[in-house]
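Each chain, written out:
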Amino acid sequence: MRPLRLGKHIMKTTSVIFAGAVSAVLAGPAFAQTEIEWWHAMGGSLGETVNKIAADFNASQSDYTITPVFKGSYEETLTAGIAAFRAGEQPNVLQVFDAGAATVIGAQGATVAVQDLLTDNGVPFDIQDYISGVRYFYADSDGKMIGMPFNSSSPIMYYNVEALNAAGVTPPVTWEEFQETTAPALVEAGYIPLSQSHMPWIFTENFFSRHNLPFATGNNGYDSASVTINMDAPEIRDHFAAFKGWIDNGYAGFWGAGWDDNATPFEQGEVAIWLGSSGSFGGLQQTAEFPFSATYLPYWEAITTEPTQTFIGGAALFAMSGHSDAENKATAEFFRYLTSPEVQYMWHQETGYVPITEAAYELAKSDGHYDRFPAAEVGIQQLSLPAGDWTRGYRMGFYVQIRDVMNREYQRYLTGETSLDDAFTAIKSEADELLARFAQTQG
Amino acid sequence: MKRAAFSQPLMPVALLMPQLIIIAVFFYWPAWEAVYSSFFLQDPFGFGASYVGADNYTRLARSTEYGKVAGFTLFFTLVVTFLSLGIALLLAVKADKVIRGAKTYRTLLMWVYAVAPPVAGFLGSLLFNQNIGPITDLFAFFGYDLQIGLNYNDTAFAMITVSVWKQIPVNFIFLLSGLQSIPVSVREAALIDNQSGVRRFWDITFPLLAPTAFFLLIINITYALFDTFGIIDIMVKGNPASNPITLVYKVYTDGFRGNDLGGSSAQSVVLMVLVLLLTIMQFRMLERRIHYT
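Residues numbered from 1 in each chain as written. Chains lettered and ligands numbered in written order. Predicted model: local features only at pLDDT ≥ 70, side-chain atom pairs only at ≥ 80, totals over all residues. Heavy atoms only, no water.

Engineer: Describe the pattern of salt bridges, and please don't skip the residues or the numbers.
Structural biologist: Residues and elements named next belong to chain A. Tallying each qualifying case throughout the model produces 24 salt bridges over all chains. Between E205 and R403 there is a salt bridge, with the nearest N and O atoms lying 3.0 Å from each other. Of this pair, E205 sits in helix 9 (residues 199–210) while R403 sits in helix 19 (residues 399–414), and the two are 198 residues apart along the sequence. Residue E205 shares its accessibility class with R403, and that shared class is buried. Ionic pairing is found between K365 and E362, a salt bridge with its closest N-O pair at 3.6 Å. Taken together, the residues K365 and E362, both in helix 16 (residues 358–366) and 3 residues apart, mark about one turn of the helix. (Salt bridge = Lys/Arg side-chain N within 4 Å of Asp/Glu carboxyl O. Helix = DSSP H or I, 4+ residues; strand = E, 2+ residues; numbered from the N terminus. Buried < 20%, exposed > 50% of the residue type's maximum accessible area, 1.4 Å probe, protein only.)

Here you go:
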């Protein structure tokens, strides 16, 4: 910025001082620092941790300043980012959640691949540094990382230790064990055995990955935009038929599509086992007034005897295109800071989201974090289970709408409004139509 | 007789300009954009748009889901309009008769008017909450398991209750001032002619209230169609699943959650045409029968 220039005839003492002060304020930081913006969807205590990361980054060096801006829910943040991009006002860093990944990665030219961004700006990058479960979810079909995994979580099984002790059972490893042994004993002990908080995520996407089943054609959607979804697979239908049976005979409670509506009965001690996010750990520690622990998501022995890892959930950070080299350099430096073991460990401790690099995981282990909170390790352990052909992730366009269709039809089926056949036929046909429409936009 | 005219022909145009600009910027331009983009299928980020003709409209016509949402919207609008006008009318007639402490009653009845729709929705979602809601507890006391967010009919019931509650005060204010503007002489004359309060209400009071009621009818239909968005959004917690939603909310879910701009634009055009037809119909059919004093 050029210093202010004023004509001599108006140069009274006061205005000289004033002008000097203004130009110092305006010009000073602009010369020294590159400012970048980060739009995120982390509200509440998560938002405070995000602000802390940004403040610590700003304090750690004097060349760059990052400003985090809270934009509402995941969906609202993505929409705000898209609208800003169309207006040429996009932020440097945009947080996009798992279901929106196909939209943002499909729009080549909207983002700079994080792998390119880092290597071009002299930040060392090796995809093998990242834990195996998060490595390729936000990558393209060639395995190049496009989005930087940020708040990464996976669905795990929480249980009320007192309830299971009272019933004299151990946490179920398989769904067969749950329905034959665990659930009857818990009902006997006066508990509702099971609830879950997100059917598309826990009972659909991760059902496919836990059992190593293909979720969509075209390599789960990574190879092409013209794909169809495998919602006609008999395994998933059987699973939902079983879930409905559990609800009907009191083995499970179901309170709709709201996350909290299904979590609250567990926190209140009515429900013994709750399927939630590994990122729920921090919140549960504050709300649950009973000893709880966690373990892996159960699987059906009838489908597989070698269960595999789950998909990563949560969101990633994307570097938006259309910014100067200096700003991209700042973004790269921020990513370097963010992926450092210390920052990742802090984020992991504060929130319960998994650390995304092996180094951060090692740091948490050596620091004794998991000796103090064994349940905090379950998410990352589950993501590090053996991988399969279909456990890398999925990539489907208009997926937010597909999830809405799933929620709608599942709920209709579970409340008796529709039959299993009709529900799955509707999901399959509406989802395939949405996928075809998305492929058309990418054509 | 000579027509009155401005000596400077530009003057009226200049005076109208601010209003015209506002309408053009905030209505004609976006409306045109909606019509235009409803014929395209767009990449969310705006990298490309392909012309698809009327495809976005035929999809709507074929969609049973869209039909269901339209059906609920019709039902919702009728019920909310009828109940909020009916209850407000009853309250206004009764409040009009109160002599002692009239101001206190009126203020209390108008209070809710200050509550914004999302706040009303939030209050509703707490009162009807499945785990901690007092209204849910009340129903449980009578042996009914109220499941808002899970049971379609229960959720519809809660949405209608909150929407009606929120709208009653507006109607009440207008109807009460309408009642008070009916000349005392007319009422007294009616009282001599007929002792029945009900007869007098329907024969004298109600026709004289008609202009107010007609205005409120339009306001209420618009309210139920559009302004209830905030209530619905909060009550379904941004995740409608199989819960009832209105057409406006579907425009939002498809366009702003799903990033399907073409499909969402087509829906908003359909809505625009519906409202246009509704307004024409209302003025054509109803206005003839109403006598403004």
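Continuing now.
Engineer: For the side chain of B:N220, give the residues involved together with the corresponding values.
Structural biologist: Examined against the element boundaries, B:N220 turns out to sit in helix 9 (residues 197–227). Not counting residues within four places of it along the chain, the set of residues in contact with B:N220 comprises B:T81, B:S84, B:L85, B:Q167 and B:N171. (Contact = heavy atoms within 4.5 Å.)

Engineer: Pulling in residues and values, what's your account of the interface of chain A and chain B?
Structural biologist: Between chain A and chain B, the contact holds 39 residues from the first and 36 residues from the second. When chain A packs against chain B, the two sides together hide about 3,300 Å² of surface, and 48% of this comes from carbon and sulfur. Applying the counting criterion to the chain A and chain B interface returns 6 salt bridges. With a closest N to O distance of 3.1 Å, B:E65 and A:R412 form a salt bridge. Remark: the boundary between chain A and chain B carries 17 residue pairs in polar contact (both at pLDDT 80 or more). Taken together, the elements giving at least two residues each to the side of chain A that touches chain B come down to helix 3 (74–86), helix 4 (101–106), helix 12 (259–267), helix 19 and helix 20 (420–442) of chain A. The dominant element in the side of chain A that touches chain B, judged by the number of residues it contributes, is helix 19 of chain A, at 8 residues. (Buried area = accessible area lost by both parts, 1.4 Å probe. Polar contact = N/O pair within 3.5 Å; in protein donor to acceptor, adjacent residues only side chain to side chain.)

Engineer: Describe the packing of aromatic side chains, and please don't skip the residues or the numbers.
Structural biologist: Under the counting rule described, the total for this entry stands at 63 aromatic pairs over all chains. Ring geometry for A:F203 and A:F243: centres 5.0 Å apart, planes at 80°, overall edge-to-face. Here A:F203, found in helix 9, pairs with A:F243, found in helix 11 (residues 234–248); they are 40 residues apart in sequence, far enough to count as distant. The exposure class assigned to A:F203 is buried, which follows from its relative accessible area of 2%. Residue classification places A:F243 among the buried residues on the basis of a relative accessible area of 0%. For the ring pair B:Y252 and B:F256, a centre distance of 6.0 Å and an interplane angle of 20° mean the geometry is stacked. Here B:Y252 and its partner B:F256 are both found in helix 11 (residues 247–257), 4 residues apart, which amounts to about one turn of the helix. The class for B:F256 is partly exposed, based on a relative accessible area of 49%. Of the aromatic side chains, those joined through ring pairs into one cluster are A:W175, A:F178, A:F203, A:F240, A:F243, A:W246, A:F254, A:W300, A:Y410 and A:F424. (Phe/Tyr/Trp six-rings, centres within 6.5 Å; stacked < 30°, edge-to-face > 60°.)

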